[in-house]
Amino acid sequence: MRVGVLALQGDFREHLLALEECGVSAITVRRPSELETVDALILPGGESTAIANLARSFDLFEPLKVRIKAGMPTYGSCAGMILLADRVLDAVVGQETFGGLDITVRRNAFGRQVDSFETDLEFAGITHPPVRAVFIRAPWVESVGNDVEVLAKFEHAVAVRQGALLATSFHPELTGDNRIHRFFIESIARPALEKAAVK
Ligand code: GLN
């Protein structure tokens, strides 16, 4: 399996490192030809509006949207969660997302109270100890569609999954604990790719 990390803006280096530590081959994605070579993708934390605008400039916006819709396993952290959301509250005027996840997120939701904080979370599918979650001007999930599973909560849903899509409000790539990356690879991406291969 080859996993791409969208590397237009944000903390993509930390995601690359986490993937390498998980033993998967990881590459940066900045152009459509690179996107074509990956089986799964990570959308990093950063600034969702900047990432969406850069994706437009790099002719990646539509190809990304199409791949995600076609079932490419994709994990978004923080800004990446916003980019996967079908609906965004407190968005910048005209803000676009790739979509795919039937959720409504509120941008900078925790950030209105306190810019950043850390807490321990119970995460469905990951056994003890709890996951240390770093929130930085983070969105929360305000509502979810019927097919969306909530994996972790802190006041609101902060980790969700729908099919081959995973999103967290927080940044596991910043803690050195790779269990969420491993969960994405082993429990979401690998089974989804194996299922697609036998079809
Ligand atoms: N507030 C940022 C946004 O709206 C997300 C912050 C982050 O990724 N740490 O894109």
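Everything that follows concerns the structure shown earlier in this document.
This text gives an overview of the structure that appears in the document.

Each value, and the rule that gives it
- Residues numbered from 1 in each chain as written.
- Predicted model: local features only at pLDDT ≥ 70, side-chain atom pairs only at ≥ 80, totals over all residues.
- Heavy atoms only, no water.
- Buried < 20%, exposed > 50% of the residue type's maximum accessible area, 1.4 Å probe, protein only.
- Helix = DSSP H or I, 4+ residues; strand = E, 2+ residues; numbered from the N terminus.
- Pairing = 2+ DSSP bridges.
- Expected span 1.5 Å × (residues − 1).
- Near = heavy atom within 4 Å.
- Polar contact = N/O pair within 3.5 Å; in protein donor to acceptor, adjacent residues only side chain to side chain.
- Areas by Shrake-Rupley, 256 points an atom, 1.4 Å probe, with all protein chains shown as cover.
- Nonpolar A, V, L, I, M, F, W, Y, C, P; charged D, E, K, R; others polar.
- Arc of directions from axis to C-beta.
- Contact = heavy atoms within 4.5 Å.
- Core = buried A, V, L, I, M, F, W, Y, C linked by side-chain atoms within 4.5 Å.

### Description of the pairing of strand E6 (residues 101-106)
- Counting buried residues along E6, 5 of its 6 residues qualify, which places the element largely inside the surrounding structure.
- In terms of strand pairing, E6 meets strand E9 (residues 140-144) through 4 bridges, oriented antiparallel. By the bridge assignment for E9, Arg 106 is matched with Trp 140.

### Considering helix H6 (residues 179-198)
- For H6, spanning 20 residues, the distance from its first C-alpha to its last is 27 Å, which sits close to the expected 28 Å at 1.5 Å a residue.
- Of the positions making up H6, those classed as buried are Ile 180, His 181, Phe 183, Phe 184, Ile 185, Ile 188 and Ala 189.

### A few points about the site of the ligand
- What surrounds the ligand is the set Gly 45, Gly 46, Glu 47, Ser 48, Cys 78, Ala 79, Ile 82, Arg 107, Asn 108, Ile 136, Arg 137 and His 171.
- One of the backbone nitrogen or oxygen atoms of Gly 46 is found 2.9 Å away from an oxygen atom of the ligand.
- Between the ligand and Ile 136 there is a distance of 3.0 Å, counted from a nitrogen atom to a backbone nitrogen or oxygen.
- In the complex, the protein chains occlude 94% of the 300 Å² of accessible area that the ligand would expose alone.
- Looking at the shell around the ligand, its residues break down into 4 nonpolar, 5 polar and 3 charged.

### Some thoughts on helix H1 (residues 12-21)
- Among the residues of H1, Phe 12, His 15, Leu 16, Ala 18 and Leu 19 are the ones counted as buried. End-on view of H1: buried residues confined to an arc of 165°, all on one side of the axis.
- Packed against the buried residues of H1 are strand E1 (2-6), strand E2 (25-29), strand E3 (40-43), strand E4 (74-77) and H6.
- Once H1 ends, the next one or two residues include Gly 23, with phi positive near 80°.

### Examining the nonpolar core
- Counting 36 residues, the largest nonpolar core has Leu 19, Phe 123, Phe 135, Leu 166, Phe 170, Ile 180 and Phe 184 as the members making the most contacts within it.
- With 6 residues, the top contributor of residues to this core is H6.
- When sequence neighbours within four positions are dropped, the list of residues in contact with Phe 170 reads Tyr 75, Ser 77, Cys 78, Leu 121, Phe 123, Val 131, Ala 133, Val 134, Phe 135, Val 158, Ala 159 and Ile 180.
- Of all hydrophobic cores here, the second largest spans 32 residues; its members include Leu 8, Leu 84, Ala 85 and Ala 167.

### Description of the side chain of Asn 178
- Within the secondary structure layout, Asn 178 lies in the loop between strand E12 (165-168) and H6.
- The buried category is assigned to Asn 178, whose relative accessible area is 10%.
- Excluding its chain neighbours within four sequence positions, the residues that come into contact with Asn 178 are Ala 18, Glu 21 and Cys 22.

Everything listed here is a matter of geometry and, on its own, says nothing about what the molecule does.
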